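What follows is the residue order along each chain.
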Amino acid sequence: MEQRLFGLTTRDFRSLAFQLAVKNKIKHPFNTESQLAGEDWLHGFRQRHPELCLCIPEAASAARAAGFNRVAVSNFFAILQAVKEAKDFPASRTYNVDETSAVTVQTKKSKVLALKGRRQVGCLTSAERGVLTTACVCMSATGYYIPPMLIFPRARLTESLKTGAPPETLFSCNGSGWMTMTDFNTWFDHFLEHSRPTAAAPVLLILDGHVTHTKNIAFFEKAQQNHVTVVSLPHHCGHRMQPLDVSFMAPLKSSFSKAIEAFLRRNPGKVVTVNDVSALFGEAYLKTATSSVAQSGFKATGIVPFNQFIFTAATVTLEDILPLPKVTVKKLRKKSRREKATELTSSPSRRSLKGFRASNDIKQLQKSKRRSRVTPKHSRKSKVGEQTSLQDTLCDNCGMVFSLSEDGTGWK
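So, a few notes on the structure that sits alongside this text. (Residues numbered from 1 in each chain as written. Predicted model: local features only at pLDDT ≥ 70, side-chain atom pairs only at ≥ 80, totals over all residues. Heavy atoms only, no water.)

**Brief notes about the overall build of the protein**
Working step 1: When its secondary structure is counted, the protein shows 13 helices and seven strands.
Working step 2: Within the protein, the proportion of its 412 residues that are buried is 37%.
Working step 3: Of the contacts formed within the protein by residues at least 6 apart in sequence, a portion of 72% connects residues at least 24 apart.
Working step 4: As displayed, the protein offers around 26,200 Å² of accessible surface, 54% of which is attributable to carbon and sulfur atoms. (Helix = DSSP H or I, 4+ residues; strand = E, 2+ residues; numbered from the N terminus. Buried < 20%, exposed > 50% of the residue type's maximum accessible area, 1.4 Å probe, protein only. Contact = heavy atoms within 4.5 Å. Areas by Shrake-Rupley, 256 points an atom, 1.4 Å probe, with all protein chains shown as cover.)

**Topic: the packing of helix H5 (residues 181–195) against helix H7 (residues 217–225)**
Working step 1: One way to put it is that H5 packs onto H7 with a least axis distance of 10 Å and a crossing angle of 15°. Taken together, H5 and H7 sit at an angle that is classed as roughly parallel. The two elements H5 and H7 meet at a crossing, and its hand is right-handed. On the side of H5, the interface is formed by Phe184, Asn185, Phe188, Asp189 and Leu192, while H7 contributes Ala218, Phe219, Lys222 and Ala223.
Working step 2: Considering only residue class, the contact of H5 with H7 consists of six nonpolar, one polar and two charged. (Axes fitted to C-alpha atoms, helices over the stretch in contact; angles between N-to-C directions. Parallel < 35°, antiparallel > 145°, perpendicular 65-115°, else oblique. Left-handed = near helix turned anticlockwise from the far one by under 90°. Nonpolar A, V, L, I, M, F, W, Y, C, P; charged D, E, K, R; others polar.)

**Side note on the pattern of salt bridges**
Working step 1: Counted by the stated rule, this structure contains four salt bridges.
Working step 2: Between Glu39 and Arg14 there is a salt bridge whose closest N-O contact spans 4.0 Å. Highlighted residues: Glu39 in helix H2 (residues 39–48) and Arg14 in helix H1 (residues 10–23), separated in sequence by 25 residues.
Working step 3: Between Lys287 and Glu283 there is a salt bridge, and its shortest N-O distance comes to 3.9 Å. Here Lys287 and its partner Glu283 are both found in helix H10 (residues 277–288), four residues apart, which amounts to about one turn of the helix.
Working step 4: On the basis of relative accessibility, which here comes to 31%, the residue Glu283 falls in the partly exposed class. (Salt bridge = Lys/Arg side-chain N within 4 Å of Asp/Glu carboxyl O.)

**Describing the state of the cysteines**
Disulfides are covalent bonds that link the sulfur atoms of two cysteine residues.
Working step 1: Applying the stated criterion across every chain, the model contains zero disulfides.
Working step 2: There is no disulfide at Cys136, and the cysteine sulfur nearest it, in Cys138, is 7.2 Å away.
Working step 3: A residue is classified by how much of its surface remains accessible, and Cys136, at 1% relative accessible area, is buried. (Disulfide = S-S within 2.5 Å.)

**As for the nonpolar core**
Working step 1: In this structure, Phe76, Met241 and Phe248 are the most contacted members of the largest nonpolar core, which totals 47 residues.
Working step 2: Mapped by element, the contributors of at least two residues to this core are helix H4 (70–86), strand S2 (132–140), strand S3 (145–152), strand S5 (203–207), helix H9 (243–266), H10 and helix H11 (291–300).
Working step 3: Considering each element in turn, this core owes the most residues, nine residues, to H9.
Working step 4: If near-sequence neighbours (up to four positions away) are discounted, Met241 is found in contact with Phe68, Val73, Phe76, Phe77, Leu233, Pro234, Thr301, Ile303 and Phe311.
Working step 5: Counting 25 residues, the second largest nonpolar core, distinct from the first, contains Val203, Ile217, Phe220 and Leu353. (Core = buried A, V, L, I, M, F, W, Y, C linked by side-chain atoms within 4.5 Å.)

**Considering the packing of aromatic side chains**
The geometry of an aromatic ring pair comes down to the distance between the two centres and the angle between the two planes.
Working step 1: Inspection of the entire model under this criterion finds 20 aromatic pairs.
Working step 2: Aromatic side chains Phe68 and Phe311 sit 5.4 Å apart centroid to centroid with 85° between the ring planes, which places their arrangement in the edge-to-face category. Of this pair, Phe68 sits in the loop between helix H3 (62–67) and H4 while Phe311 is found in the loop between H11 and helix H12 (318–321), placing the two residues 243 residues apart along the sequence. For the pair formed by Phe68 and Phe311, the shared burial category is buried.
Working step 3: Through a chain of ring-to-ring contacts, the aromatic side chains of Tyr95, Phe184, Trp187, Phe188, Phe191, Phe219 and Phe220 assemble into a single cluster. (Phe/Tyr/Trp six-rings, centres within 6.5 Å; stacked < 30°, edge-to-face > 60°.)

**Focus: the side chain of Thr104**
Working step 1: Tracing the backbone through its elements, the reader meets Thr104 in the loop between strand S1 (94–103) and S2.
Working step 2: A polar atom in the side chain of Thr104 sits 2.9 Å from the backbone nitrogen of Val131.
Working step 3: Not counting the four nearest positions on each side in its chain, Thr104 is found in contact with Ser126, Gly130, Val131, Ile260, Val272, Thr273, Val274 and Val277. (Polar contact = N/O pair within 3.5 Å; in protein donor to acceptor, adjacent residues only side chain to side chain.)

**Comments concerning the pairing of S2**
Working step 1: The element S2 is largely enclosed, with a buried count of eight among its nine residues.
Working step 2: Inspection of the sheet shows S1 paired to S2 by nine bridges, in the antiparallel sense. Its bridge partner being in S2, Thr100 is matched across the sheet by Ala135.
Working step 3: Across five bridges, S2 lies against S3 in antiparallel orientation. Along S3, the bridge assignment pairs Thr134 with Ile151. (Pairing = 2+ DSSP bridges.)

**Some points on the sheet that holds strand S7 (residues 342–343)**
Working step 1: Here seven strands make up an open sheet; going across it, the order is S4-S3-S2-S1-S5-S6-S7 and the pairing mixed. Taken across any chain shown, the strands that pair with only one partner, and hence form the sheet edges, are strand S4 (170–173) and S7.
Working step 2: In the packing of H5 onto the sheet, the strands contacted are S1, S2, S3, S4, S5 and strand S6 (228–232), and the crossing angle to S3 comes to about 160°.
Working step 3: Running over the sheet, H9 touches S1, S2 and S3 and is turned about 30° from S1.

**Notes on empty space enclosed by the protein**
Working step 1: Taken as a whole, this structure holds two cavities of 30 Å³ or more when the rule is applied.
Working step 2: Considered as a void within the structure, the largest cavity measures approximately 30 Å³ in volume.
Working step 3: The wall of the largest cavity is formed by Ser101, Ala102, Val103, Val105, Gln106, Thr107, Lys253, Phe256 and Ser257.
Working step 4: Sorting the residues of the lining of the largest cavity by element identifies S1 and H9 as the ones contributing at least two each.
Working step 5: Residues belonging to the lining of the largest cavity are distributed by class as follows: four nonpolar, four polar and one charged.
Working step 6: The space that makes up the second largest cavity amounts to roughly 30 Å³.
Working step 7: Taken together, Thr100, Ser101, Ala102, Leu252, Lys253, Phe256 and Phe281 make up the lining of the second largest cavity. (1 Å grid on protein atoms, 1.4 Å probe; cavity = no way out; pocket = protein on both sides within 12 Å on 5 of 7 lines; lining within 4 Å. Points joined across faces, edges and corners; volume = space filled by probe spheres on them.)

Now the structure itself:
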């Protein structure tokens, strides 16, 4: 049942035991009023079956439950197998990159001792929600870590923001603190500097379907020029198929929260600010970034060593969790495309993205032309033979719009 995302609680299990005993006419000492098996019986049952354990389940959204299916998983491993057969990518040349948040408020709180009967036990935090800083982490299948990147929600980068960060950390600032295409391109230059891919030793980079990765033409072209093959994970599957999400991010968040708690104890009366994030993140990062963590993440996802059948028994389809409750969903005007596993550095992928970008440019240009042609109501008259539609052309090779080119140079 837990594989179908409908795990049984201890109360549900005790209720099933009582129902089975009644149905099979087995004598039992269970409580007939509550219609539950006793807690002593449950304790004995768990001792007789040591393969069972009591776990706290992680939240899995309906989108993740539907996205992580056999079709998406098989498609990803088929693309990964074709890429590995085309070029030799050893474990030392296989990398995974992902972003995570470093908030000034601890996300995981440690258990503390308290007197029995206390209904509320407090824990000091710096604020209600905290300030977000994005950390970009990259590791290889052998346990080599590219120095991380920290993106602060600031207009200017100061020296106080860099204090205590891991060695050779890359820093950036923007208004939101989130990863942008410009920041990701800067990180990719940082990645090329440390991984040093060549024609004899190419690099395989695996990442999720974030828009800064999959809609970034400059990143695709630079990756192809520098012998880097990029493969994206299927939509809503990173929690099971991305090595960093599987083995690294949870210990990092836990260590970061413990570092914040220790900081608040050492500095009574002070709160954690953005200037303290680098030092706290560096402390947690150096504890978590070990070779065993990286190797276990790639092994658990079946990437290195390659194992395309690792999720055969664990994948869930919509048929497995049906019947789903029927809800009325409002139709959206624009239908969003679901991202699939793709080799982003391939020529068809880059051409399709260029065409998509160019078609959007044409639509925006048409809207601007229509607005410029609008006249006041009293002088609005239709003229015979007047052309109201905008004629434009799209280049099949470079994807540029004719009207946006400089004087039409280079067009044939």
